[in-house]
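# Coordinate analysis (summary)
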Amino acid sequence: MAKYIVETYYTCTFKVKHYLDDISNKQLDSLDKREDGEFEILNVKFDKRNTKNLEKNVNNVEIKYNESHENLNKTNKSNQPKNVVLNNTLKENITKRFGMPDRRKGYIQKATIGDHKVYLHTGEYEDGKIGEIFIDTSKEGELVKALMNNFAIAISLGLQYGVPLDEFVSAFIGTKFEPSGKVQGNDRILSASSILDYIFRELAISYLNREDLAHTPSIAKDDAEQNSDEDNQFIKLVKDITSKGFVRNNYKEKLIDLSDIKLNLKGKGK
């Protein structure tokens, strides 16, 4: 007989897509009752885990378990078809790999750590969420380059299987090995204790808004205070069509205003 019970709590975020022929209040009000929706897991976050000793008060634990078990059965009986569809879909999506689109957004960040150049390539989903990385280095042997390339592949696979980026950030921030020291070429990071420390600082700042990991103040905060409503709408449009990581930089210096340019689309006559 088991002596301990382990309770694990997760927070699962998912979205449901429904296809409608038309939009009406009646259609929208009945969406929650439909069973033909497509479920997609966005994030599964570990909250906490409790361990209880059953030997201290076995009877009370068994009573509580039986009551909750009966309530669960009643709920399943009252709404069994929808729960069955939901549970099966969640099980499938938890172990499902969300592949990257064929044409994807992203950016390339070049930086120098000591005498070593590091090129970080990112790939994003359509909603701006990061889904892959590539790492190129200079002045390194074939062994180190191969290890860095395969490390990037492993991180990309983890992201595509739903591992949150902040888990990787927590694991690799602060790692120490050479090359390390002063960073040149990055507007937010001035020093790093290793290549991995630099890479995940950069990703955390770009995709998680982790300003606590940056060494310089954010440009976006100053712009938000000065921009008008029209400028904010323009910035939102730029963010929709541009890489999320790229836009966090000084985008105003990199944008070209084409509003006064007129294009002649008429073909030449014979």
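Procedures and definitions
Residues numbered from 1 in each chain as written. Predicted model: local features only at pLDDT ≥ 70, side-chain atom pairs only at ≥ 80, totals over all residues. Heavy atoms only, no water. Axes fitted to C-alpha atoms, helices over the stretch in contact; angles between N-to-C directions. Helix = DSSP H or I, 4+ residues; strand = E, 2+ residues; numbered from the N terminus. Left-handed = near helix turned anticlockwise from the far one by under 90°. Contact = heavy atoms within 4.5 Å. Nonpolar A, V, L, I, M, F, W, Y, C, P; charged D, E, K, R; others polar. Pairing = 2+ DSSP bridges. Core = buried A, V, L, I, M, F, W, Y, C linked by side-chain atoms within 4.5 Å. Buried < 20%, exposed > 50% of the residue type's maximum accessible area, 1.4 Å probe, protein only. Salt bridge = Lys/Arg side-chain N within 4 Å of Asp/Glu carboxyl O.

## Brief notes about the packing of helix α4 (residues 142-160) against helix α6 (residues 195-208)
- Where α4 meets α6, the axes come as close as 13 Å, and the angle between the chain directions of the two elements is 35 degrees. For the pair α4 and α6, the crossing hand works out as right-handed. Two secondary-structure elements touch here, α4 through M148, F151 and I155 and α6 through I195, L196, I199 and F200.
- Of the residues assigned to the contact of α4 with α6, the class counts are seven nonpolar, no polar and no charged.

## Details of the sheet that holds strand β4 (residues 116-124)
- Read across the sheet, five strands follow the order β5-β4-β3-β6-β7 without closing on themselves; strand pairing throughout is antiparallel. The sheet is open, and its two edges are formed by β5 (130-137) and β7 (191-192), each paired on a single side.
- Pairing analysis gives two bridges linking strand β6 (residues 181-184) to β7, with the strands arranged antiparallel. Opposite K182, over in β7, you have S191 as the bridge partner.
- Against the sheet, α6 touches β3 (108-113), β4, β5, β6 and β7, its axis set at about 35 degrees to β4.

## Regarding the nonpolar core
- Membership of the largest hydrophobic core comes to 30 residues, with the highest contact counts inside it found for I133, I135, Y198, I199, F200 and L203.
- Among the elements of the structure, β3, β4, β5, α4, α5 (165-172) and α6 are those that each provide at least two residues to this core.
- Of all the elements, α6 adds the most residues to this core, at nine residues.
- Those residues in contact with I133 that lie beyond four places of it in its chain are L120, H121, T122, A152, I155, S156 and L203.

## What to know about the pattern of salt bridges
- Applying the stated criterion to the full structure yields five salt bridges.
- We note a salt bridge from R104 to E132, for which the minimum N-O separation is 2.8 Å. Of this pair, R104 sits in the loop between α3 (80-94) and β3 while E132 sits in strand β5, and the two are 28 residues apart along the sequence.
- We classify R104 as partly exposed; its relative accessible area is 35%.
- A salt bridge links E211 to R188; its shortest N-O distance comes to 2.5 Å. In this pair, E211 sits in the loop between α6 and α7 (219-226) while R188 sits in the loop between β6 and β7, placing the two residues 23 residues apart along the sequence.

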